[in-house]
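An overview of the molecular structure
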Amino acid sequence: MASGSRWRDLGAFRARGVHGGVALAEGIDRMVTGIESPVDSERGLAARLRYLTASDAGYEAMDRAGVHVHPRTLIAWLAEEQTPSKANLARLDAAYWDLRRHNVVADLKRRLNNRGRGTRIEIDPADQSRVDRRHQRDLETRSVNVRGMWDRAVDAWIAEDTEELEAVWDDIIQSTLGTDWDAYTHVSSIGWAA
């Protein structure tokens, strides 16, 4: 990458990576845990159905995912007398993960804010292995502490607001990386332990 470039057109020199806002969302996604048994297993289906039918929010998640069945069909699923179609299994799984994400928002914010101390993240720069040597920049993995941005990041993640996630990422790198921040607009990955 030529010195002074803004790194906005990542592929111009064949560098590879994703916008930091995408990597931020992927990192938050990895923090969401849940039922490990697959939805098409007896145990996995039963656990998802119990979780989804335990609250109004679960029924709303099923509705958003397109699970539209008669109450007696749902009762038959719960009683394990009938198995949902493959399409409905996929919808139930989507509804389950949608509800899990919504239910862990407060916990994610608490963990990432860490009582005001923030969370240390590691930023792996864009992959320049395919970039002609004369256009490469000397970039290294950076480790920075992020404070005051996590509520905004989690809110954008749950709303699937890509533009806001990109804006949050730009604010993070501008406030923590100094003059070379634009070289980290696109990254290979972002990691943290929270």
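Below: a short report on this structure. Every residue gets a number counted from 1 within its own chain, in the order that chain's sequence is written. Local features are withheld for residues below a pLDDT of 70 in this predicted model, meaning they are given only at 70 or higher, and side-chain atom pairs are given and counted only at 80 or more; totals for whole chains, interfaces and linings count all residues. Hydrogens and water are ignored here; the side-chain numbers use all heavy atoms of the structure.

Now for the nonpolar core. Only buried residues count toward a nonpolar core, which is a set of Ala, Val, Leu, Ile, Met, Phe, Trp, Tyr and Cys residues joined through side-chain atoms within 4.5 Å. Burial here depends on accessible area, computed with a 1.4 Å probe over protein chains only, as a share of the maximum for the residue type. Under 20% is buried, over 50% is exposed, and the range in between is partly exposed. Leu24, Ile121, Trp157, Trp169 and Trp192 are the most contacted members of the largest nonpolar core, which totals 48 residues. Looking at this core element by element, the count peaks at six residues for helix H5 (residues 86–103). With residues up to four places along the chain from it excluded, the contact list for Leu24 reads Trp150, Ala153, Leu165, Val168, Trp169, Ile172, Ile190 and Trp192. Helical segments are the DSSP runs of H or I of at least four residues, strand segments are the runs of E of at least two, and each set is numbered from the N terminus. Here a residue-residue contact requires only that any non-hydrogen atoms of the pair lie within 4.5 Å.

Unusually for a residue other than glycine, Glu80 sits at a positive phi of about 60°. The residue Glu80 is located in the loop between helix H4 (71–78) and H5 in this model. Its relative accessible area of 48% is what places Glu80 among the partly exposed residues. Backbone geometry places Glu160, a non-glycine residue, at a positive phi of 55°. Along the chain, the position of Glu160 falls in the loop between helix H7 (150–158) and helix H8 (162–176). For Glu160, a relative accessible area of 68% gives the class exposed.

So, on to helix H6 (residues 105–113). The set of residues buried in H6 consists of Val105, Leu108, Lys109 and Leu112. The arc that holds every buried residue of H6, seen down its axis, measures 100°, which confines them to one face. Exposed residues lying more than 90 degrees from the buried face of H6 are Ala106 and Arg110. Lining the buried residues of H6 we find helix H1 (20–31), H5, strand E2 (119–125), H7 and strand E4 (186–192). A positive phi of about 50° marks Asn114, the residue just after H6. Taken from the helix axis, the directions to the C-beta atoms give the arc we talk about.

Bear in mind that shape data such as this cannot, by itself, settle questions of function.
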